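The residues making up each chain are set out below.
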Amino acid sequence: MAQAPIQFDRASGALEGANLWERTAALALATGSKISSHFSHRGYIGCANLLRKTLPERNIAIRLNPDATFEFPYGDGYWSKLLNRAYHYEGELELLFRDSAGVDYTLLDCGANYGYWSVLVSSAPMGAHRAIAIEPSSQNFAKLKNNAEINGNRFELMKCAIGSGRGRARLSGTKHEAFSIAGNADGGEDVPVIALDDLIEDGKVAASGKYLIKLDVEGVEIEAIKGGARLLATDSVILCEEHGNDPLHSVSRHILEKTPLTLIVYDPRSHRLEIVTELSILDRIKVSSHVGYNVFGTASAFWLDRVSALNAHASRRSQ
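Residues numbered from 1 in each chain as written. Predicted model: local features only at pLDDT ≥ 70, side-chain atom pairs only at ≥ 80, totals over all residues. Heavy atoms only, no water.

### Focus on the packing of aromatic side chains
The test is simple: The rule is short: rings of Phe, Tyr and Trp, with Trp giving its six-membered ring, pair when the centres are within 6.5 Å, and they are stacked under 30 degrees, edge-to-face over 60, tilted in between. Burial classes follow relative accessibility: with a 1.4 Å probe on protein chains only, a residue under 20% of its type's maximum area counts as buried, one over 50% as exposed, and anything between as partly exposed. Over a ring means this: the NZ of a Lys or the CZ of an Arg is within 6 Å of the ring centre and within 35 degrees of the ring normal.
Under the definition given, this model contains 13 aromatic pairs. Look at tyrosine 116 and tryptophan 117: their rings are 4.9 Å apart centre to centre, the planes differ by 85 degrees, and that puts the pair in the edge-to-face class. Each member of the pair tyrosine 116 and tryptophan 117 is classed as buried. Grouping aromatic residues by their ring pairs yields a cluster made of Phe70, Phe72, Tyr78, Trp79, Tyr89, Phe97, Tyr116 and Trp117. Just above the ring of tyrosine 78 sits the side chain of lysine 81; from NZ or CZ to the centre is 5.1 Å.

### Brief notes about the sheet that holds strand β4 (residues 68–73)
Each strand in a sheet pairs with another by means of backbone hydrogen bonds, the pair being arranged parallel or else antiparallel. Let me state the cut-off plainly: Paired strands are those between which DSSP finds at least two bridges. Each helix is a run of DSSP H or I of at least 4 residues and each strand a run of E of at least 2, with the numbering of both proceeding from the N terminus.
Taken together, the 4 strands give an open sheet; going across it, the order is β2-β1-β3-β4, and neighbouring strands pair in mixed fashion. The open sheet is flanked by β2 (15–16) and β4, the only strands paired with a single partner. Taken together, the 2 bridges between strand β1 (residues 6–9) and β2 define a ladder with antiparallel strand orientation. Note that in β2 the partner of glutamine 7 across the bridge is glutamate 16.

### Some remarks on helix α9 (residues 250–258)
Quick reminder of the rule: Relevant arc is that of directions from the helix axis to the C-beta atoms, nothing else. Pairs of residues are marked as contacts when any of their non-hydrogen atoms sit within 4.5 Å.
Listing the buried residues of α9 in full gives Val251, Ser252, His254 and Ile255. For α9, the angular spread of the buried residues around the axis is 160 degrees, confining them to a single face. Structurally, α9 contributes buried residues whose contacts are with α7 (221–226), β12 (235–243), β13 (262–267), α10 (280–285) and β15 (292–298).

### Concerning the sheet that holds β12
Quick reminder of the rule: Only the contacting stretch of a helix is used when fitting its axis, a line to C-alpha atoms as for every element, and angles between N-to-C directions run 0 to 180 degrees.
Strand order in the open sheet formed by 8 strands is β7-β6-β5-β11-β12-β15-β13-β14, with mixed pairing between adjacent strands. Of all strands in the sheet, those bounded by a partner on one side alone are β7 (156–158) and β14 (272–275). Pairwise comparison of adjacent strand axes, ignoring direction, gives a mean angle of 25 degrees for this sheet. Here β13 runs beside β15; their pairing, made up of 4 bridges, is antiparallel.

### Side note on the pattern of salt bridges
Rules: When a carboxyl oxygen of Asp or Glu is within 4 Å of a side-chain nitrogen of Lys or Arg, the pair counts as a salt bridge.
Evaluated as defined, the whole model comprises 17 salt bridges. A salt bridge links glutamate 94 to arginine 98; the shortest N-O distance between them is 2.7 Å. Here glutamate 94 and its partner arginine 98 are both found in helix α3 (residues 91–99), 4 residues apart, which amounts to about one turn of the helix. Note on glutamate 94: relative accessible area 10%, which makes it buried. Arginine 98 sits in the partly exposed class, given a relative accessible area of 47%.

### Remarks on unusual backbone geometry
In this structure, glutamate 90 takes a positive phi of about 45 degrees despite not being glycine. Summarising the element assignment, glutamate 90 is placed in the loop between β4 and α3. Since its relative accessible area comes to 16%, glutamate 90 is described here as buried.

### Overview of the pairing of strand β3 (residues 59–65)
Remark: a regular strand shows side chains that alternate across the two faces of the sheet. In terms of residue burial, β3 counts as a mostly covered element, since 5 of its 7 residues are buried. Pairing analysis gives 4 bridges linking β1 to β3, with the strands arranged parallel. When the sheet's bridge partners are listed, glutamine 7 is paired in β3 with alanine 61. Bridge count between β3 and β4: 6 bridges; the pairing is antiparallel. When the sheet's bridge partners are listed, alanine 61 is paired in β4 with glutamate 71. Following β3, the chain reverses through 2 residues before pairing antiparallel with β4.

### A look at the nonpolar core
As a reminder of what qualifies: Residue types Ala, Val, Leu, Ile, Met, Phe, Trp, Tyr and Cys, when buried and joined through side-chain atoms within 4.5 Å, form a set referred to as a nonpolar core.
In terms of nonpolar packing, the biggest core is built from 54 residues, with Ile60, Phe70, Tyr74, Trp79, Phe97 and Tyr116 touching the most fellow members. Ranked by residues supplied to this core, first place goes to helix α4 (residues 116–121) with 5 residues. Those residues in contact with tyrosine 74, other than ones at most four positions away along the chain, are Ile6, Glu22, Ala25, Ala26, Leu29, Arg52, Leu55, Arg58, Asn59, Ile60 and Leu83. Counting residues in each nonpolar core, the second largest holds 42 residues, with Leu108, Ile162, Leu171 and Ile238 among its members.

What follows is the structure in structure tokens.
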């Protein structure tokens, strides 16, 4: 019988249900995150995963807020940074989600992994939004399903990949956070693929409405954007990853040059969401080759107004 999860409250820092070694490991994981944050967490995942091998196999349940619990295997290198209470996972996304708590939108969490954003966005403090978590990996989907269950099954699940159209593909990779259908790798897992616009066709979402579309699809972002023309013509924002190791800024270049979407990026220098007209701004922002940077694309006047208001609030706070 599996052990009950360790409990960690990000607000208070309380750690419950852990033995002495597990408590020591929690301190090491949190400290490692703080130190490595100065180097974009380079090396953290590998070190954490080595430490994980010395720990009993059990989960840790992170209380993100009073209505959101996120569970994952204790010591997981990708998610253990959450033990560092000063750490913000994809802070530019959290900025937009928090500012949009009062907006009636649906989150399409494409490449949901274990469901972090679906758990958070569907929670009461974040607006209790409808969320659809889409994840192709059987390994990840089991953990995603668990997170749906411990949060009252308040968000929907779909087991498939997102691409340019319907079909099937081979999903491969060695890291749960980087499984991909890009390329033609041998082995892996055969998974169904749908396009974003198939969500309209299949009645999962309406052809009108407000959507935030988190697109974390590991190398097929451009294909996914091509398959979402109808959905992206709604009041929607696409939130997708610009890879730090891509000096050509391929995803942003496609959005800027091949779509009607306005390209937006969070600039840590100005603490604003800046409209991008020249890709050279990304040369300055993308300082680490081993991490991803989120960019936004929207054709919606509603969301562009929200971004302007958010920037105005940020400017007043900085004064």
